[in-house]
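Listed here are the chains, written in short residue letters.
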Amino acid sequence: MMEPVEHIFDSHAHYDNERFDPDRDELLQAMHKNGVEYIFNAGNEPAANLVGIALAEQYDFVYCGTGIHPHEAATVTPDYLALLQKQLEHPKVKALGEIGLDYYYDFSPREVQKKVFEEQLILAKELDVPVIIHDRDAHEDTMILLKKYQPKGIVHCFSGSAEMAKEILKLGMYIGFTGVITFKNARRALEALKVIPTDRLLLETDCPYMAPEPYRGKRCESSMICETAAKMAEIKGLPLQQMIQITCENALQIYNIK
Ligand SMILES: [Zn+2]
């Protein structure tokens, strides 16, 4: 059992996911008891974006993003950018995302992924909103586009090298880590974590995915973030509560939540 903590900001979650259908409200209502003060629900396709917005309307501590994930890039309709723009006017929609490239699954052709990513980066710049970047096995092309557009925002579920982290830091972006840092084979992620200053770090679950040890393989939810926070605190040489506090402040900053 871990010491009780407070002020947790889970900066990336997917409570729209059907795996939460049986007990979504029960879980969200218990969050404060578990020290979770804020949750950011990342968007990824039109229906999920709408569920995220509905959750943000229902729960005062839930904020959300809207965007088209690379998996869905091939399915966009001609009006998708106009729709995202409209949704970004909502007071609780705080970022455009998640967006990016996924060359691991390649669910959409790479050229289409790049086009839809680029269009959303341009929109984010125009609207001056932060982006949430998904990059899986696409580090090179992701960095080319981030350098080209220089958006503000977050590279989430970071899986790159320490060198790549330094490039992202130069762009002024934040970097989020999931339960992956608690896994036994996390050496590379921990090397990256070491070079990132605490004022650019975010904690996230990416739930229902990426449950940290000792829950690996189970359905993840926000209170499990404590295991990830403990690992991050250990690597950064900080007390657990201080690590949680710093990452909470960082998330409030980048999502512009007052
Ligand atoms: Zn995600």
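Bear in mind the structure is a predicted one, so any value in this text is a computation, not a measurement.

Moving on to the layout of surface pockets. Of the pockets and cavities examined, the largest pocket occupies roughly 1100 Å³. Together, 38 residues line the largest pocket, and His134, Arg136, Cys157, Asp206 and Met210 are the ones closest to its centre. Split into classes, the residues belonging to the lining of the largest pocket amount to 14 nonpolar, 11 polar and 13 charged.

Next up on the list: the nonpolar core. With 71 residues, the main nonpolar core has Tyr15 and Phe177 as its most contacted residues. With near-sequence residues (within four places) excluded, phenylalanine 177 lies in contact with Phe158, Ala189, Ala192, Leu193, Ile196, Leu201, Leu202, Leu203, Glu204, Thr228 and Met232. The next biggest cluster of nonpolar side chains, apart from the first, holds 15 residues, and it includes Tyr63, Ile132, Tyr174 and Cys248.

What follows deals with empty space enclosed by the protein. Scanning the entire structure with this criterion turns up 1 cavity of 30 Å³ or more. There is about 30 Å³ of room inside the largest cavity. Lining the largest cavity, in full, are Asp135, His139, Val155, His156, Cys157, Phe158, Ser159, Gly160 and Met164. Partitioned by chemical class, the residues of the lining of the largest cavity number 4 nonpolar, 4 polar and 1 charged.

Here we come to a nonpolar patch on the surface. Nonpolar side chains collect at one region of the surface, where Tyr104, Tyr105 and Phe107 lie side by side and expose about 360 Å² of accessible area between them. Inspection of the secondary structure puts tyrosine 105 in the loop between strand 4 (93–102) and helix 4 (110–127). When its relative accessible area of 41% is taken as the criterion, tyrosine 105 is described as partly exposed.

Okay, the packing of aromatic side chains next. Counting across every chain of the model gives 9 aromatic pairs. Ring centres of tyrosine 59 and phenylalanine 61 lie 5.7 Å apart, and the angle between their planes is 65 degrees; on these two criteria the pair is classed as edge-to-face. In this structure phenylalanine 61 comes out as buried when scored by relative accessible area, which is 7%. Plain terms: the ring middles of tyrosine 104 and tyrosine 105 are 4.8 Å apart, the flat faces sit at 90 degrees to each other, and that makes the pair edge-to-face. Looking at arginine 136, its charged tip hangs above the ring of tyrosine 104, at a distance of 3.7 Å from the centre.

Take the environment of lysine 236 next. With respect to the helices, strands and loops of the structure, lysine 236 is situated in helix 8 (residues 225–236). Separated by 41 residues in the primary sequence, lysine 236 and valine 195 place their C-alpha atoms 9.5 Å from one another.

One side chain can pair with another of opposite charge once the charged atoms of both are near each other. If you walk through the whole model with that rule in mind, you get 14 salt bridges. Note that aspartate 106 and arginine 110 form a salt bridge whose closest N and O atoms lie 2.9 Å from each other. Close ionic contact of lysine 166 with glutamate 163 constitutes a salt bridge, the shortest N to O distance being 3.4 Å. Taken together, the residues lysine 166 and glutamate 163, both in helix 6 (residues 162–170) and 3 residues apart, mark about one turn of the helix. Under the relative-accessibility criterion, lysine 166 is labelled partly exposed at 37%. Relative accessible area serves as the criterion here: at 52%, glutamate 163 is assigned to the exposed category. Via salt bridges that share partners, Glu111, Lys114 and Asp141 belong to a single interconnected network.

Our focus in this paragraph is the sheet that holds strand 5 (residues 131–136). Spatial ordering of the open sheet is given by 1-2-3-4-5-6-7-8, a layout of 8 strands whose pairing is parallel. Bordering the open sheet on either side are strand 1 (8–13) and strand 8 (201–203), each of which pairs with just one other strand. Taking each pair of neighbouring strands and ignoring which way they run, the sheet shows an average axis angle of 25 degrees. Pairing analysis gives 4 bridges linking strand 1 to strand 2 (residues 36–41), with the strands arranged parallel. Note that in strand 2 the partner of alanine 13 across the bridge is asparagine 41. Seen against the sheet, helix 9 (residues 240–254) touches strand 1, strand 2, strand 6 (153–155), strand 7 (174–177) and strand 8 and runs at an angle of roughly 100 degrees to strand 8.

Looking now at the pairing of strand 2. The element strand 2 is largely enclosed, with a buried count of 5 among its 6 residues. Sheet topology places strand 2 next to strand 3 (residues 62–66); 3 bridges connect them, and they run parallel. The residue bridging isoleucine 39 from the neighbouring strand is valine 62, located in strand 3.

What counts, and at which threshold
- All residue numbers here refer to positions counted from 1 along the written sequence of the relevant chain.
- Totals for whole chains, interfaces and linings use all residues, but because this is a predicted model, local features are given only for residues with pLDDT of at least 70 and pairs of side-chain atoms are given and counted only at 80 or more.
- Only hydrogens and water are removed before side-chain values are computed, so all heavy atoms of the structure are retained for them.
- Lining residues are defined by having an atom within 4 Å of a point belonging to a cavity or pocket. Those points lie on a 1 Å grid over the protein atoms alone, cavities being sets where a 1.4 Å probe fits but cannot get out and pockets being open sets with protein on both sides within 12 Å along at least five of seven lines.
- Grid points are joined across faces, edges and corners, and a volume is the space filled by probe spheres set on the points.
- Basically, the charged four are Asp, Glu, Lys and Arg, the nonpolar ten are Ala, Val, Leu, Ile, Met, Phe, Trp, Tyr, Cys and Pro, and anything else, Gly included, counts as polar.
- Nonpolar cores are built from buried Ala, Val, Leu, Ile, Met, Phe, Trp, Tyr and Cys residues. Side-chain atoms within 4.5 Å join them into one set.
- Summary of the burial criterion: residues with accessible area below 20% of their type's maximum are buried, those above 50% are exposed, and those between are partly exposed, where the area comes from a 1.4 Å probe applied to protein chains only.
- Any two residues having at least one pair of non-hydrogen atoms within 4.5 Å are treated as being in contact.
- The patch calculation keeps residues exceeding 30% relative accessible area without a salt bridge and links them within 9 Å when they carry like charges or within 5 Å when they are nonpolar (Val, Leu, Ile, Met, Phe, Trp, Tyr).
- Each accessible area is a Shrake-Rupley estimate made with a 1.4 Å probe; only the visible protein chains count as cover when residues are assessed.
- Salt bridges, as used here, are contacts in which a Lys or Arg side-chain nitrogen is within 4 Å of a carboxyl oxygen on Asp or Glu.
- The way it works is that DSSP assigns letters per residue, a run of H or I at least four long becomes a helix, a run of E at least two long becomes a strand, and they are numbered from the N terminus.
- The pairing test for Phe, Tyr and Trp rings, Trp by its six-membered ring, is centres within 6.5 Å, and the orientation test on the planes gives stacked under 30 degrees, edge-to-face over 60, and tilted for anything in between.
- Put simply, a charge is over a ring when the Lys NZ or the Arg CZ is close to the ring centre, within 6 Å, and near the line of the ring normal, within 35 degrees.
- In this analysis, strands are considered paired if DSSP registers two or more bridges between them.
- Only the stretch in contact is used when a helix axis is fitted, and all axes are lines through C-alpha atoms; the angle between N-to-C directions ranges over 0 to 180 degrees.

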